[in-house]
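Here are the chains, one letter per residue:
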Amino acid sequence: MTAATLLRCWAVVLLAGLPVIAATLPAMAAVAEPPGLWTGPMVGETPATLQGATVIDVPALELLLEGQVLLIDVGKAARRPDNLPEDTLWKPVHRSIPGAVWFPGGGGGDLSPEQAQALLGRIDELAKGDKDTVLVTFCKPSCWGSWNLGKRLVEAGYRKVHWLPAGIDGWQEFHDAVPVQPQPGWPPADD
Amino acid sequence: MGMNQNRRVVCAGLVLAPLLAIASPVLAAGGTDSEREERWQDLRQSIFGERPVEDGAGLITLEAPARALDAALVPLTIRIAPEHRDRIAAVHLVIDDNPSPYAAKASFGPAGDPAVLRLRVRIDGYTNVHAVAETKDGQLHGTVAFVKASGGCSAPIGVSDEVAMQGMGEMKLRPAGPDTQGEATLLIRHPNFSGMQMNQLTRTYTPARYLDLVRISQGGQTVLELAGDISLSSDPAIGFAYRPGEADAFTVLATDSDGASWQESFPIPAHTQ
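Residues numbered from 1 in each chain as written. Chains lettered and ligands numbered in written order. Predicted model: local features only at pLDDT ≥ 70, side-chain atom pairs only at ≥ 80, totals over all residues.

1. Some words on the confidence of the model for chain A
Summarising the model, chain A shows a mean pLDDT of 87, and 84% of its residues fall at 70 or more. Per-residue pLDDT stays below 50 along residues 1-28 of chain A; that stretch engages in six contacts with residues further than four places along the chain or on separate chains. (pLDDT = per-residue confidence, 0-100. Contact = placed C-beta atoms within 7 Å.)

2. Describing the nonpolar core
Counting residues in hydrophobic clusters, the biggest one holds 60 residues, and the most contacted among them are Val 74 and Phe 240 of chain B. Look past the residues within four positions of Phe 240 of chain B in its chain and what remains in contact with it is Leu 117, Ala 184, Ile 216, Val 223 and Leu 224 of chain B. Ile 123, Val 136, Tyr 158 and Trp 171 of chain A belong to the second largest nonpolar core, which has 39 residues in total. (Core = buried A, V, L, I, M, F, W, Y, C linked by C-beta atoms within 7 Å. Buried ≥ 20, exposed ≤ 12 C-beta atoms within 10 Å, placed from the backbone.)

3. Concerning helix H3 (residues 33-48) of chain B
All names here are of chain B. An ideal rise of 1.5 Å per residue puts 22 Å on 16 residues; H3 measures up with 21 Å between its terminal C-alpha atoms. Taken as a whole, H3 has its buried residues at Arg 36, Leu 43 and Arg 44. Buried residues of H3, seen end-on, are gathered within an arc of 105° and therefore sit on one face of the element. Residues Ser 34, Gln 41 and Gln 45 are exposed on H3 and point more than 90 degrees away from its buried face. Gly 49 sits one or two positions beyond H3 and adopts a positive phi of about 65°. (Helix = DSSP H or I, 4+ residues; strand = E, 2+ residues; numbered from the N terminus. Expected span 1.5 Å × (residues − 1). Arc of directions from axis to C-beta.)

4. Digging into the sheet that holds strand S3 (residues 74-80) of chain B
Residues and elements named next belong to chain B. One open sheet accounts for six strands, arranged S2-S3-S6-S15-S10-S9; its pairing is antiparallel. The open sheet has two free edges, formed respectively by strand S2 (60-63) and strand S9 (171-175), since each of these has just one partner strand. Along the sheet, successive strands turn relative to each other by an average axial angle of 15°, direction set aside. Pairing between S2 and S3: four bridges, direction antiparallel. Among the inter-strand pairings, Thr 61 is bridged to a residue of S3, identified as Arg 79. (Pairing = 2+ DSSP bridges. Axes fitted to C-alpha atoms, helices over the stretch in contact; angles between N-to-C directions.)

5. Details of the sheet that holds strand S14 (residues 221-227) of chain B
Picture the strands of a sheet paired through backbone hydrogen bonds; they go either parallel or antiparallel. All names here are of chain B. Read from one edge to the other, the open sheet built from nine strands follows the order S1-S8-S7-S4-S5-S14-S13-S16-S17, with strand pairing classed as mixed. Edge positions in the sheet fall to strand S1 (53-55) and strand S17 (261-267), since each has one partner strand and no second. In this sheet, neighbouring strand axes are inclined to one another by 20° on average, regardless of whether the strands run parallel or antiparallel. Pairing geometry for strand S5 (residues 102-108) and S14, over four bridges, is antiparallel. Pairing of Ser 107 across the sheet is with Glu 225, part of S14.

6. Some points on unusual backbone geometry
In this model, Trp 186 of chain A is joined to Pro 187 of chain A through a cis peptide bond whose omega is -10°. Among the secondary structure elements, Pro 187 of chain A is positioned in the segment after strand S7 (178-179). Positive phi values are uncommon outside glycine, yet Ser 142 of chain A reaches one of about 55°. By secondary structure assignment, the location of Ser 142 of chain A is in the loop between strand S5 (135-138) and helix H5 (144-155). On the basis of neighbour count, Ser 142 of chain A is assigned to the partly exposed category, with 14 C-beta atoms found within 10 Å. In this model, Asp 235 of chain B sits at a positive phi of 50°, which is unusual for a non-glycine residue. You can see Asp 235 of chain B is positioned in the loop between S14 and strand S15 (237-242).

7. Concerning the pairing of S5 of chain B
A regular strand carries its side chains on alternate faces of the sheet. Residue and element names in this part refer to chain B. A large share of S5 lies buried, amounting to five of its seven residues. In this structure, strand S4 (residues 88-95) lies alongside S5, joined through five bridges in antiparallel fashion. Counterpart to Ala 90 in the pairing with S5 is Ser 107. Here S4 folds back onto S5, and the loop between the two strands holds six residues.

8. Section: the environment of Trp 147 of chain A
Residues and elements named next belong to chain A. Positionally, Trp 147 belongs in helix H5. It is 9.8 Å that separates the C-alpha atoms of Trp 147 and Gly 108, two residues lying 39 residues apart in sequence. In contact with Trp 147, other than residues within four places in its own chain, are Trp 38, Thr 46, Pro 47, Leu 50 and Trp 163.

9. Points about H5 of chain A
Within an α-helix, residues lying three or four positions from one another point in the same direction, as the helix has 3.6 residues per turn. Residues and elements named next belong to chain A. Here H5 is 12 residues long and its end C-alpha atoms lie 16 Å apart, about the 16 Å a rise of 1.5 Å per residue gives. For H5, a buried count of 10 out of 12 residues is recorded, marking the element as mostly surrounded by other parts of the structure. Within H5 the residues assigned to the buried category are Trp 144, Gly 145, Ser 146, Trp 147, Asn 148, Leu 149, Gly 150, Lys 151, Arg 152 and Leu 153. Of the surrounding elements, those touching the buried residues of H5 are strand S2 (70-73), helix H4 (113-126), S5, strand S6 (161-163) and helix H6 (167-172). Looking at the residues trailing H5, positive phi occurs at Gly 157, about 100°.

10. Let's talk about the environment of Pro 98 of chain A
Residue and element names in this part refer to chain A. With respect to the helices and strands, the residue Pro 98 is situated in the loop between strand S3 (95-96) and strand S4 (101-102). Taking the number of C-beta atoms within 10 Å as the measure of exposure, Pro 98 has 31 and is therefore buried. Sequence spacing of Pro 98 and Gln 115 is 17 residues, and the spatial spacing of their C-alpha atoms is 25 Å.

11. As for the environment of Trp 163 of chain A
All names here are of chain A. For Trp 163, the location among the structural elements is in strand S6. By the C-beta count within 10 Å, which is 25 here, Trp 163 ends up buried. Separated by 46 residues in the primary sequence, Trp 163 and Gln 117 have C-alpha atoms spaced 21 Å apart. Beyond its immediate chain neighbours, meaning those up to four positions away, Trp 163 contacts Leu 50, Ala 53, Val 55, Thr 137, Ser 146, Trp 147 and Gly 150.

The following block contains the structure:
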């Protein structure tokens, strides 16, 4: 058996084994967790996991909602196009899970230190300084923002961080969503 | 949205209320049909002023997918019942939760037929869509459909802006089919940039550029005049009906928000009705 044939055999074995590997280790096939905050394109495939946090679906969220939960939405606010005619009717509405607090764009991986401080400071206020507060982060599906915020919260020492990758769309499969306003003082004004 | 769902949302709100005092105004409003109705009344006021929109049952219908396959390309069909067609001057389309909700107004001219209007639109979030018929004496009759679609206004086109603009203004006109005499579909190549689409790599927004007016006429008589907005999908397809006339060609004039304009003529498909 030549070396080339051996290689080919190995390739066949490897390829044949791939579906099995993919099935047994689904995490390997998915996007890996970045070591820190994600600063690439904010819309795209996200990891299946978030170290230090619990990944939940909507039924799991419903169970959590039987207790006290701080729901944190970092979905983006609609941006009025610069060149839209002045007389165009522009009435953006942001719908969220009832009771959620909204920090538009708060999931950015490249927030300034002031922004990050304002974000975490406000969340600390809402959680009354309790690191055992049950937190749930979300935005839209395929959105890195809620992953990033979950990461920030874990790093800030919160012990019950939950990430809802299905986001507001997942919620709306079962429930209606309500209009919300951005959190007061968010985003902090640029100096 | 049945009672059941509403009740569940209210329950969740009650549980959350003690913890989230800051969110209580939202909870008080409730995540229910009544809140969506409130928004609709606000939009109605902005668009139609003090004129009420009556229930259009039996006069106007709106066909929309309950769940859109592509939120940037949601097909809608508006129909006017035969006995009312002669008194309809225009049809308005409002996508309640789109940031720019007033998606289109179609005005019918003497050569037009309000029997059917088909459009493809962008839908930004799960929303009510209202179609409102306006009679020649200014009465309004509306109908509504709920559509599950998300992210349509900001969805990237998928190609570079330059590629998306290639052939801009090119048009085609197709008869709607053998069973639909007197109907045709006008296709216009145009990216209809919403101004909300971000290039993910450069992180810049492509400026809005959309068809703001499409006028279809035959022999100097208007068939349809469509005032459009950023909620119309790229490469707009406009399905419309027309009355048999003496002219043998449609003339189409399209202008966009950058002031560009295009004009073309098409033979009128045979009309045997």
